[in-house]
Amino acid sequence: APNLWVNALEASGEPGVDDDANGYVDDVNGFDFTDVPEILGSGDFKDRDPDPSDDVGHGTWVAGAACAAGNNEIGVAGVAFRSRIMPLRAGFRPRSGFALGFLAEDDAAAAIVYAVDNGARVLNLSFGDVVHAPILDDAVRYALDRGAIVVAAAGNEGNSQPFYPAGVSGVLAVGASDRDGRRASFSTFGPAVTL
């Protein structure tokens, strides 16, 4: 919590007003880009709103591993515990069919553009698919062209098939390792994996 990004103009502004004129009202600590009313889900998934709370839990876990506050004798410390995290939600838990969650490509692309436009320098994309989505390519290229570092999950398919957006040129694609530092059996591997 102490490492959450704060949009100062919105935090000190008027409720219900886009105080920083970035196109998003009351985006004090990020934004929820999920708007997929045609798929049956649970929780908040129908409309975009300024509450980026994570209904699935995966993004929160990854954010904690990245930058949970350190030196406070509480829980664990993230690997970059002096960094700020800008929580952006682009996915939700459908009622059936997906174990971890579902992300619509346009929602994820909007979150990537928002992050870069609001000063994020490192983007973590711990999601993906074997299907190549041009709208995500465009958003990732937008981030890379503006100097952001984009890190993405290489995939948990256990094969060498590229996983996207990790497979986009210029993205740091990260696979999984086991406790001995070897490639985990489920991790995607091959020339598209950077680390």
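Described in the following lines is the structure provided in the data block. All values derive from a computational prediction rather than experimental measurement. (Residues numbered from 1 in each chain as written. Predicted model: local features only at pLDDT ≥ 70, side-chain atom pairs only at ≥ 80, totals over all residues. Heavy atoms only, no water.)

## Focus: the sheet that holds strand S8 (residues 172–174)
Adjacent strands of a sheet form backbone hydrogen bonds with each other and so pair up, either parallel or antiparallel.
Right, on to step 1. Read across the sheet, three strands follow the order S6-S7-S8 without closing on themselves; strand pairing throughout is parallel. A strand with exactly one partner marks an edge of an open sheet, and here the two such strands are strand S6 (122–125) and S8. Pairs of neighbouring strands in the sheet enclose a mean axial angle of 20°, with direction left out of account.
Right, on to step 2. In the sheet, strand S7 (residues 149–153) pairs with S8 via three bridges, with the strands oriented parallel. Bridging from a neighbouring strand, Val-151 pairs with Leu-172 of S8. (Pairing = 2+ DSSP bridges. Helix = DSSP H or I, 4+ residues; strand = E, 2+ residues; numbered from the N terminus. Axes fitted to C-alpha atoms, helices over the stretch in contact; angles between N-to-C directions.)

## A look at helix H3 (residues 105–117)
It helps to recall that an α-helix has 3.6 residues per turn; residues three or four apart then point in one direction.
Right, on to step 1. Helix length check: H3, at 13 residues, gives a terminal C-alpha distance of 18 Å against a target of 18 Å (1.5 Å per residue), a fit within 8%.
Right, on to step 2. Those residues of H3 that sit buried are Asp-107, Ala-108, Ala-109, Ala-110, Ala-111, Ile-112, Tyr-114, Ala-115 and Val-116.
Right, on to step 3. On its buried face, H3 sits against strand S3 (88–89), strand S5 (102–103), S6 and helix H4 (134–145).
Right, on to step 4. Just beyond H3, the residue with positive phi is Gly-119, at close to 100°. (Expected span 1.5 Å × (residues − 1). Buried < 20%, exposed > 50% of the residue type's maximum accessible area, 1.4 Å probe, protein only. Contact = heavy atoms within 4.5 Å.)

## Thoughts on the side chain of Asn-3
Right, on to step 1. Mapped onto the elements of the fold, Asn-3 is located in the segment before helix H1 (8–11).
Right, on to step 2. By relative accessible area, which is 10% here, Asn-3 ends up buried.
Right, on to step 3. A distance of 3.4 Å separates the side chain of Asn-3 from the side chain of Arg-84, its partner in a polar contact. (Polar contact = N/O pair within 3.5 Å; in protein donor to acceptor, adjacent residues only side chain to side chain.)

## Things to note about the pattern of salt bridges
Right, on to step 1. Applying the stated rule across the entire model yields seven salt bridges.
Right, on to step 2. A salt bridge links Arg-89 to Asp-44; its shortest N-O distance comes to 3.4 Å. Here the residue Arg-89 occupies a position in strand S3, and Asp-44 occupies one in the loop between strand S2 (41–42) and helix H2 (58–67), the gap between them amounting to 45 residues.
Right, on to step 3. For Arg-89, a relative accessible area of 5% translates into the label buried.
Right, on to step 4. One network of salt bridges, in which partners are shared, links Asp-32, Asp-44, Asp-55 and Arg-89. (Salt bridge = Lys/Arg side-chain N within 4 Å of Asp/Glu carboxyl O.)

## Describing the packing of aromatic side chains
Right, on to step 1. In this structure the tally under the stated criterion is nine aromatic pairs.
Right, on to step 2. The interplanar angle of 85° and the centroid separation of 5.0 Å between the aromatic rings of Tyr-24 and Tyr-114 together place this pair among those described as edge-to-face. Within this pair, whereas Tyr-24 is found in the loop between H1 and strand S1 (31–32), its partner Tyr-114 is found in helix H3, the two being separated by 90 residues in sequence.
Right, on to step 3. Taking relative accessible area as the criterion, Tyr-114 reaches 2% and is therefore assigned buried.
Right, on to step 4. Consider the rings of Phe-45 and Phe-92, whose centres lie 5.0 Å apart with planes at 15°: the pair is stacked. With a gap of 47 residues between them, Phe-45 in the loop between S2 and H2 and Phe-92 in strand S4 (residues 91–94) connect regions that are remote in the sequence. For the pair formed by Phe-45 and Phe-92, the shared burial category is buried.
Right, on to step 5. Among the aromatic residues, those joined into a ring-pair cluster are Trp-5, Tyr-24, Phe-31, Phe-33 and Tyr-114.
Right, on to step 6. Of note, Arg-146 hangs over the ring of Tyr-142, and the distance from its end group to the ring centre comes to 3.5 Å. (Phe/Tyr/Trp six-rings, centres within 6.5 Å; stacked < 30°, edge-to-face > 60°. Lys NZ or Arg CZ within 6 Å of the ring centre and 35° of its normal.)

## With respect to the pairing of S7
Right, on to step 1. Taking every second residue as pointing to the same face, the buried face of S7 carries Val-150 and Ala-152, while none of Ile-149, Val-151 and Ala-153 on the other face is buried.
Right, on to step 2. When S6 meets S7, the two strands line up parallel, connected through four bridges. Residue pairing in the sheet places Leu-123 in a bridge with Val-150 of S7.
Right, on to step 3. Once the chain exits S6 it traverses H4 before rejoining the sheet at S7, and the crossover so formed is right-handed. (Right-handed = clockwise from strand over helix to strand, strands pointing away.)

## Remarks on the nonpolar core
Right, on to step 1. Of all hydrophobic cores here, the largest spans 32 residues; its most connected members are Ile-112, Leu-123 and Val-140.
Right, on to step 2. At the level of secondary structure, the elements contributing two or more residues to this core comprise H3, S6, H4 and S7.
Right, on to step 3. Among the elements that take part in this core, H3 stands out by supplying eight residues, more than any other.
Right, on to step 4. For Leu-123, the residues in contact, after removing those within four places along its chain, are Ile-112, Ala-115, Val-116, Ala-143, Ala-148, Ile-149, Val-150 and Val-151.
Right, on to step 5. The next biggest cluster of nonpolar side chains, apart from the first, holds five residues, and it includes Val-36, Phe-45, Phe-92 and Ala-104. (Core = buried A, V, L, I, M, F, W, Y, C linked by side-chain atoms within 4.5 Å.)

This is a description of form; function is not addressed.
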